[in-house]
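# Structural overview
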Amino acid sequence: ALSERREWESWIAARGENDSHSRQIRRLQGLEEAGGSVRFMAADVADANAMRQVIEHTESQFGSINGVIHAAGVGGGSRIVSQPADEAPAIRRPKVQGSRVLAQLLRGRDIDFLLFCSSFSAYFPPPGQSAYAAANAFENSFAEYCRGALNIPAVAIAFDAWREAGMNKDIVVPEGLES
């Protein structure tokens, strides 16, 4: 969650422009400077009541929802043989349960799209990423299920890692592997 809007400039002044929270604030301000209307809300995408409230608040401020981008995810993980029992479900939860919650709440609505931001890891999982890869494979299949069984215009795009945004934006890359 971000701090209150009235505290943004003091946050940035105290922690600097390179702080991850400060960068999020600057991105939201950039959207507004470009003419966008921004309302930041923090909620667990896998919590149906919390997401229902997000949808209600969004519609009360902006009107009907035309499209939804589901880009939540938890990275990390470890080899299956050494993985704690609670790790894999926690990694899968935002993508698997979150996708199901959004489909439940959007079913029957006249939306243009529901975009699941999946990952290339669903097809070529890196070592130690089995839970994350499985969650993305679920999203790929679930988008098809949404289109066929639920009549929701859903699509999943299997993105590669982005340096500019998402889970990899703050990752330290060894020298020589930047490209």
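How each quantity is defined
Residues numbered from 1 in each chain as written. Predicted model: local features only at pLDDT ≥ 70, side-chain atom pairs only at ≥ 80, totals over all residues. Heavy atoms only, no water. Salt bridge = Lys/Arg side-chain N within 4 Å of Asp/Glu carboxyl O. Helix = DSSP H or I, 4+ residues; strand = E, 2+ residues; numbered from the N terminus. Buried < 20%, exposed > 50% of the residue type's maximum accessible area, 1.4 Å probe, protein only. Expected span 1.5 Å × (residues − 1). Bend = angle between axes of the 7 residues up to and from the residue. Core = buried A, V, L, I, M, F, W, Y, C linked by side-chain atoms within 4.5 Å. Patch = residues over 30% accessible without salt bridge, like charges linked within 9 Å, V, L, I, M, F, W, Y side chains within 5 Å. Areas by Shrake-Rupley, 256 points an atom, 1.4 Å probe, with all protein chains shown as cover. Contact = heavy atoms within 4.5 Å. Pairing = 2+ DSSP bridges. Axes fitted to C-alpha atoms, helices over the stretch in contact; angles between N-to-C directions.

On inspection of all chains with the given rule, the structure shows seven salt bridges. Notably, a salt bridge pairs Arg26 with Glu9, separated by 3.2 Å at the nearest N-O pair. With a gap of 17 residues between them, Arg26 in helix H2 (residues 20-33) and Glu9 in helix H1 (residues 8-15) connect regions that are remote in the sequence. Arg109 is the partner of Glu59 in a salt bridge, and the nearest nitrogen-oxygen pair spans 2.3 Å. Of the two residues, Glu59 sits in helix H3 (residues 48-62) while Arg109 sits in the loop between helix H4 (87-106) and strand E2 (113-119), which places them 50 residues apart along the sequence. The partly exposed category is assigned to Glu59, whose relative accessible area is 25%.

Let us look at unusual backbone geometry. A positive phi is found at Asn151, a non-glycine position, where the angle reads about 60 degrees. If you trace the backbone, Asn151 turns up in the loop between helix H5 (130-149) and strand E3 (154-159).

Over its 20 residues, H4 runs 29 Å from end to end, which matches the ideal 28 Å to within 8%, given 1.5 Å per residue. Of all bends in H4, the biggest is about 55 degrees, found at Arg93, and the proline Pro94 comes one to four residues later. Of all the residues in H4, the buried ones are Ala88, Ile91, Pro94, Lys95, Gly98, Ser99, Val101, Leu102, Ala103, Leu105 and Leu106. One or two positions beyond H4, positive phi appears at Gly108, with a value near 85 degrees.

Moving on: the nonpolar core. Among the nonpolar cores identified, the biggest contains 20 residues, and Met51, Leu106, Leu114, Phe116, Cys146, Ile152 and Ala154 are the most heavily contacted of them. Residue assignment for this core shows that the elements contributing at least two residues are H3, H4, E2 and H5. Ranked by residues supplied to this core, first place goes to H4 with five residues.

Let us now look at a nonpolar patch on the surface. Together, Phe120, Tyr123 and Phe124 give the surface a local cluster of nonpolar side chains, amounting to about 360 Å² of exposed area. Checked against the element boundaries, Phe124 lands in the loop between E2 and H5.

Time to look at H5. An ideal rise of 1.5 Å per residue puts 28 Å on 20 residues; H5 measures up with 27 Å between its terminal C-alpha atoms. Within the span of H5, buried status applies to Ala131, Tyr132, Ala133, Ala135, Asn136, Glu139, Asn140, Phe142, Ala143 and Cys146. Looking at the packing, one finds that the buried side of H5 touches strand E1 (67-70), H4, E2 and E3. Two residues or fewer after H5 comes Asn151, characterised by a positive phi angle close to 60 degrees.

For the rest of this paragraph, the subject is the side chain of Ser99. Tracing the backbone shows Ser99 in helix H4. Beyond its immediate stretch of four places on either side in the chain, Ser99 contacts His70, Pro94, Phe116, Phe138, Glu139 and Phe142.

Strand order across the open sheet formed by three strands is E1-E2-E3, with parallel pairing between neighbours. Since the sheet does not close on itself, it has two edges, and those belong to E1 and E3, each with one partner. Each strand of the sheet is rotated relative to its neighbour by a mean of 20 degrees, with strand direction disregarded. Pairing analysis gives six bridges linking E2 to E3, with the strands arranged parallel.

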